[in-house]
Amino acid sequence: MEGSEILLEELSNALGPSGFENSVREIVKREMLAIGCNIEIDGLGSVVGRTPGTDDGPKIMLAAHMDEVGLLVKYVTDQGYVKFETLGGWLDQAIINQRWVIMTKGGPIVGITGIKTPHVMNAEARGKVFAKADMFIDVGARDRQDVIDNYGIVPGDPIAPQSMFSKLNASGMYLGKAWDDRAGVWVMLEALKRLVNVRSLNLYGVATVQEEVGLRGAGTSGTMVSPQIAINIESGVAGDYPGITQDEAQEKVGNGPGLFLHDSSMLPNLKLRDFVVETAEELDIPLQFNVLSGYGQDGAAIQKTGTGVPVVNITVPTRYLHSHNSVVSGSDLDGAVRLITGMVQELNENKVQEIIGF
Ligand code: CO
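What you are looking at is a predicted structure, and each value in this text was computed from that prediction instead of being measured. (Residues numbered from 1 in each chain as written. Predicted model: local features only at pLDDT ≥ 70, side-chain atom pairs only at ≥ 80, totals over all residues. Heavy atoms only, no water.)

1. A word on helix 1 (residues 5–13)
Along helix 1, the residues that are buried comprise Leu7, Leu8, Leu11, Ser12 and Asn13. Tucked into the core, helix 1 has its buried residues touching helix 2 (22–34), strand 10 (173–176), helix 6 (179–195) and helix 10 (330–346). Sitting at the head of helix 1, Ser4 places a side-chain oxygen 3.5 Å from the backbone nitrogen of Ile6. (Buried < 20%, exposed > 50% of the residue type's maximum accessible area, 1.4 Å probe, protein only. Helix = DSSP H or I, 4+ residues; strand = E, 2+ residues; numbered from the N terminus. Contact = heavy atoms within 4.5 Å. Polar contact = N/O pair within 3.5 Å; in protein donor to acceptor, adjacent residues only side chain to side chain.)

2. Focus on the environment of Ala125
Within the secondary structure, Ala125 sits in helix 4 (residues 123–126). In sequence terms Ala125 and Arg50 are 75 residues apart; their C-alpha atoms lie 56 Å from each other.

3. Quick look at the domain arrangement of the protein
We note that the domain assignment places domain 1 (5–68 + 177–356) and domain 2 (71–160) within the protein. Relative to domain 2, the C-alpha centre of domain 1 lies at a distance of 33 Å. Across the boundary between the two partners, domain 1 contributes 10 residues, which contact 15 residues of domain 2. Interface area for domain 1 against domain 2, summed over the two sides, is near 1000 Å², with a carbon-plus-sulfur share of 72%. (Domains from an automatic or database assignment. Buried area = accessible area lost by both parts, 1.4 Å probe.)

4. A look at the packing of aromatic side chains
Throughout the structure, instances matching the rule amount to 6 aromatic pairs. Each ring, one from Tyr81 and one from Phe136, has its centre 5.1 Å from the other, and the planes form 65°; the classification is edge-to-face. A residue pair is termed long-range when its members are at least 10 positions apart, and Tyr81 in the loop between strand 4 (70–76) and strand 5 (82–87) and Phe136 in the loop between helix 4 and helix 5 (144–151) qualify at 55 residues. Tyr81 sits in the partly exposed class, given a relative accessible area of 32%. A relative accessible area of 27% places Phe136 in the partly exposed class. Members of the aromatic cluster, each reached through a chain of ring pairs, are Phe165, Tyr174 and Trp179. (Phe/Tyr/Trp six-rings, centres within 6.5 Å; stacked < 30°, edge-to-face > 60°.)

5. Section: the sheet that holds strand 16 (residues 326–329)
Taken together, the 3 strands give an open sheet; going across it, the order is 9-10-16, and neighbouring strands pair in antiparallel fashion. Where the open sheet ends on each side, the last strands, each with one partner, are strand 9 (166–167) and strand 16. Where strand 10 and strand 16 come together, 4 bridges link them in antiparallel fashion. Bridge pairing links Tyr174 to Val328 in strand 16. (Pairing = 2+ DSSP bridges.)

6. Overview of unusual backbone geometry
Asp180 connects to Asp181 through a cis peptide bond whose omega is 10°. One can find Asp181 in helix 6. In this model, Ala178 sits at a positive phi of 65°, which is unusual for a non-glycine residue. Assignment of secondary structure puts Ala178 in the loop between strand 10 and helix 6. Residue Ala178 is classed as buried on the basis of its relative accessible area of 9%. One non-glycine residue, Asp284, lies in positive phi territory at about 60°.

7. Comments concerning the pairing of strand 2 (residues 47–50)
Two faces, one strand: in a regular strand the side chains alternate between the faces of the sheet. The side-chain alternation of strand 2 yields two buried faces, one formed by Val47 and Gly49 and the other by Val48 and Arg50. Two strands pair when backbone bridges link them, and strand 1 (residues 38–41) and strand 2 are joined in this way by 4 bridges, in the antiparallel orientation. The residue of strand 2 that forms the bridge with Glu40 is Val48. Counted between consecutive antiparallel strands, the loop separating strand 1 from strand 2 contains 5 residues, among which Gly45 sits at a positive phi close to 115°. As judged from the 4 bridges shared by strand 2 and strand 11 (residues 202–208), these two strands associate in the antiparallel manner. Paired with Gly49 across the bridge in strand 11 is Gly205.

8. Considerations on empty space enclosed by the protein
Overall, the coordinates contain 1 cavity of 30 Å³ or more when judged by the stated rule. Taken as a whole, the largest cavity encloses approximately 70 Å³ of empty space. What lines the largest cavity is Glu68, Val69, Trp90, Pro161, Lys177, Ala178, Trp179, Asp180, Glu212, His322, Ser323 and Ser326. Tallied by class, the residues present in the lining of the largest cavity amount to 5 nonpolar, 3 polar and 4 charged. (1 Å grid on protein atoms, 1.4 Å probe; cavity = no way out; pocket = protein on both sides within 12 Å on 5 of 7 lines; lining within 4 Å. Points joined across faces, edges and corners; volume = space filled by probe spheres on them. Nonpolar A, V, L, I, M, F, W, Y, C, P; charged D, E, K, R; others polar.)

So this is what it looks like as structure tokens:
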């Protein structure tokens, strides 16, 4: 991979459920400051970094969300088990029997969503999916008082999946949690690094908060930046493994970055879509398309800021989203960086006027 693998690992491992993105925010700030960006934070905690450019150039916004799906402490039972609410969209069967980190004021507490042993279950019960409402997190406490006295867990504490980054053998793929959307955050930061010395740009890199609970930071940071054009960078939905069909998702891991043509939250600006396709052709970057019937992304909130903004959603195809273990490819990550860098370099005043006009 051309970009920083260490940064990719750090971003994946960082704990940052929606609304509790602080550790990711610190990484983003560090990386932006290191290349000379000017940083502001919006009222919800999104990081808005501006490269040292010119005020005159077209205002371009690159966005990716820092938060990941997680849980939140609801209450502690008398027996000392932690009951939880979900943050973002989870399948019930992806929650059970996993390791978690409860992010308390006093530090991290590891826990496990315990699963009933099959030894005591009849055949019918064994075939059933466990319901989220029946689940709990076991932190090893004796009872509720033990949790209060010795674990420091209080209602409202965020809970992040525990899952460490690793390479997926020699495939050039990476296995880890939170690729949605740390893959996008990585692409945004790597693109900024390549564009930071282009003085003719008026370029903002934005790491948003609370995407998974309703595109909240994208609305506030989009209002703050007020861009003329925005490129949202997301983890795409790969449809290349058994049990998922081309009708459901068309991206394949390793076949290049994706361009969303439809999702339930946004239609892309068509001139901007064409510009993405042209740039990919010129730079010889393989490009995939995706048309989804579900799925929402930050571009939808940015698109609706001000009097309306042309936006596209460019993706890093990802397998097994919203779980402890997802897969992305280094070649897609690099392709997305090259594509976005190439686009931004071509976005002069004429090009921008051509795109935003009707
Ligand atoms: Co996402």
